[in-house]
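Overview (structure and organization)
One letter stands for each residue in the lines below.
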Amino acid sequence: MGTDVYLLGHEAAEDQRLVRQSQEMAGEASWLFDQLDLPVGARAIDLGCGPSGVLEQLSVRVGSSGTVVGLERGGDTLARARAFVAEHGLHNVELIQGDARATGLPPGSFDLVHARLVLVNVPRPEEIVREMVALARPGGVVASHEADYLPHRCDPPCAAWDRLFELFHAHSRDHGIDLFVGRRSHRLLREAGLTDIQVRPLIHVYPKGHPRREIFVHFIQNVRAELLEAGRIEAKELDNLMTELVAHLAREDVLVISHMFFQVWGRKPNQAG
Ligand SMILES: C[S@@+](CC[C@H](N)C(=O)[O-])C[C@H]1O[C@@H](n2cnc3c(N)ncnc32)[C@H](O)[C@@H]1O
């Protein structure tokens, strides 16, 4: 319960998925940054940046006179982020290994503090939000892009999906992870002291051929060993469920509904209190 896990692990395959996902989400991230008036020369940080996050987009926006910090806890993932930054020649990006709950960076030192899909994967998300707000300068912006599992189902329904979701939900809950944090991310930001909070919801469908159609299958694969180790299910039954799910998703007539995503942003007041 008290252990601070990252739900989806740090395998190379998971990081490759994250890089592809960042490319797919580039348009949404651009839309968000367009709302924030981030000037050239600004100082921005992406907490839990993963292997690429929004580093490239922020790098372009702040320009050569600005700075982008990418902070990531996982050592292997950080190494992949370093390779990404070198490969893309992002000279204004600095990468740091650290914990988004307690970065050790000077408070009030960023014009923009951003985190995407971090809160939905960790326990005690409010601690990360508090650090986000602390890192923003007075008058600076904090922005979040989070998921909520509510609509993430398929139609026609699939008993294997429902059973696997039950297992995934129980596993997450036992680690203190809220799969439905997206809907309350606005509240977390507000409670941490932000004002002028704005919310944009996003939802997608993943028809056959969509790159994110099998995301739930990947998530179950990522936690497979832990589900077995915790005795939540026998390997044979899990494998049967996965076979059933994959076969269902291979059907042309099955539509997958995405998570609900919440882009939420707000301003740190100029005056404390
Ligand atoms: C789903 S990934 C999202 C990566 C990236 N933000 C993106 O949108 O592509 C979540 C990332 O947050 C990182 N993470 C989780 N908890 C963290 C913490 N306490 N401090 C720093 N990074 C953390 C994980 O290691 C992982 O790389």
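Here is what the cut-offs are and how they apply
Residues numbered from 1 in each chain as written. Predicted model: local features only at pLDDT ≥ 70, side-chain atom pairs only at ≥ 80, totals over all residues. Heavy atoms only, no water. Helix = DSSP H or I, 4+ residues; strand = E, 2+ residues; numbered from the N terminus. Rg over C-alpha atoms; globule rule 2.2 N^0.38 Å. Buried < 20%, exposed > 50% of the residue type's maximum accessible area, 1.4 Å probe, protein only. Contact = heavy atoms within 4.5 Å. Areas by Shrake-Rupley, 256 points an atom, 1.4 Å probe, with all protein chains shown as cover. Lys, Arg positive; Asp, Glu negative; His and termini not counted. Charge placed at Lys NZ, Arg CZ, Asp CG, Glu CD. Pairing = 2+ DSSP bridges. Right-handed = clockwise from strand over helix to strand, strands pointing away. UniProt positions renumbered as here; feature names shortened; annotations may be inferred. Expected span 1.5 Å × (residues − 1). Bend = angle between axes of the 7 residues up to and from the residue. Axes fitted to C-alpha atoms, helices over the stretch in contact; angles between N-to-C directions. Parallel < 35°, antiparallel > 145°, perpendicular 65-115°, else oblique. Left-handed = near helix turned anticlockwise from the far one by under 90°. Nonpolar A, V, L, I, M, F, W, Y, C, P; charged D, E, K, R; others polar. Arc of directions from axis to C-beta. Core = buried A, V, L, I, M, F, W, Y, C linked by side-chain atoms within 4.5 Å.

A separate point is the overall build of the chain. Secondary structure assignment for the chain yields 9 helices and 8 strands. Taken against the 2.2 N^0.38 rule, which gives 19 Å for 273 residues, the C-alpha radius of gyration of the chain at 19 Å falls within 12% of a compact globule. Dimensions of the chain, computed from C-alpha atoms along their principal axes, come out at roughly 55 × 40 × 30 Å. Looking at the chain as a whole, 52% of its 273 residues are labelled buried. Expressed as a percentage of contacts within the chain between residues at least 6 apart in sequence, the contacts between residues at least 24 apart total 82%. Within the structure as shown, the chain displays about 11,900 Å² of accessible surface, and the carbon and sulfur contribution to it stands at 52%. For the chain, the separation between the mean place of its 29 positive charges and that of its 37 negative charges on side chains is 3 Å.

A few words now on the pairing of strand 4 (residues 110-116). Most of strand 4 sits inside the fold, with 6 of its 7 residues counted as buried. Pairing geometry for strand 1 (residues 43-47) and strand 4, over 4 bridges, is parallel. Paired with D46 across the bridge in strand 4 is H114. Pairing geometry for strand 4 and strand 5 (residues 136-148), over 6 bridges, is parallel. Looking at strand 5, one finds that A115 is bridged to S144. Chirality of the crossover, the property in question, places the unit of strand 4, helix 5 (residues 125-135) and strand 5 among those that are right-handed.

Further remarks concern the UniProt feature "domain: Methyltransferase" (unreviewed entry) in the chain. UniProt tags residues 41-151 as "domain: Methyltransferase" (unreviewed entry). Here residues 41-151 is 29% helix and 32% strand, with 39 Å between the C-alpha atoms at its ends.

Secondary-structure assignment places A102 in the loop between strand 3 (93-97) and strand 4. A residue is classified by how much of its surface remains accessible, and A102, at 53% relative accessible area, is exposed.

Taking 1.5 Å per residue, 15 residues should reach 21 Å; helix 8 (residues 215-229) reaches 22 Å between its end C-alpha atoms and fits that length. The largest bend along helix 8 reaches roughly 55° and is located at V223. Here helix 8 has its buried residues at I215, F216, V217, F219, I220, V223 and L227. In this fold, the buried residues of helix 8 make contact with helix 1 (12-24), helix 6 (159-174), strand 7 (195-206), helix 9 (235-249) and strand 8 (255-267). Positive backbone phi, at 70°, marks G231, one or two positions downstream of helix 8.

A separate point is the packing of helix 1 against helix 8. For the pair helix 1 and helix 8, the least separation of the axes is 11 Å and the interaxial angle reads 150°. The orientation of helix 1 with respect to helix 8, classified from their angle, is roughly antiparallel. Where helix 1 crosses over helix 8, the handedness of that crossing is left-handed. Between helix 1, through E14, R17 and Q21, and helix 8, the contact on the second element is made entirely by I215, H218, F219 and N222. Partitioned by chemical class, the residues of the contact of helix 1 with helix 8 number 2 nonpolar, 3 polar and 2 charged.

The next subject is the pairing of strand 5. Burial of strand 5 is extensive: 11 of the 13 residues sit out of reach of the surface. Bridge count between strand 5 and strand 8: 8 bridges; the pairing is antiparallel. The residue bridging A147 from the neighbouring strand is F261, located in strand 8.

As a further point, take helix 2 (residues 26-34). The set of residues buried in helix 2 consists of E28, A29, L32 and F33. All buried residues of helix 2 lie within an arc of 135° about the axis, which places them on one face of the element.

Below, the discussion takes up the nonpolar core. By size, the foremost hydrophobic cluster in this structure holds 61 residues, and its most contacted members are I45, L47, V113, W161, L164 and L245. The residues touching L47, leaving out its near neighbours within four places in the chain, are L71, A100, T103, V113, H114, A115, R116, V118, M132 and L135. Ranked by size, the runner-up nonpolar core spans 24 residues in total, among them L55, L58, L95 and A143.

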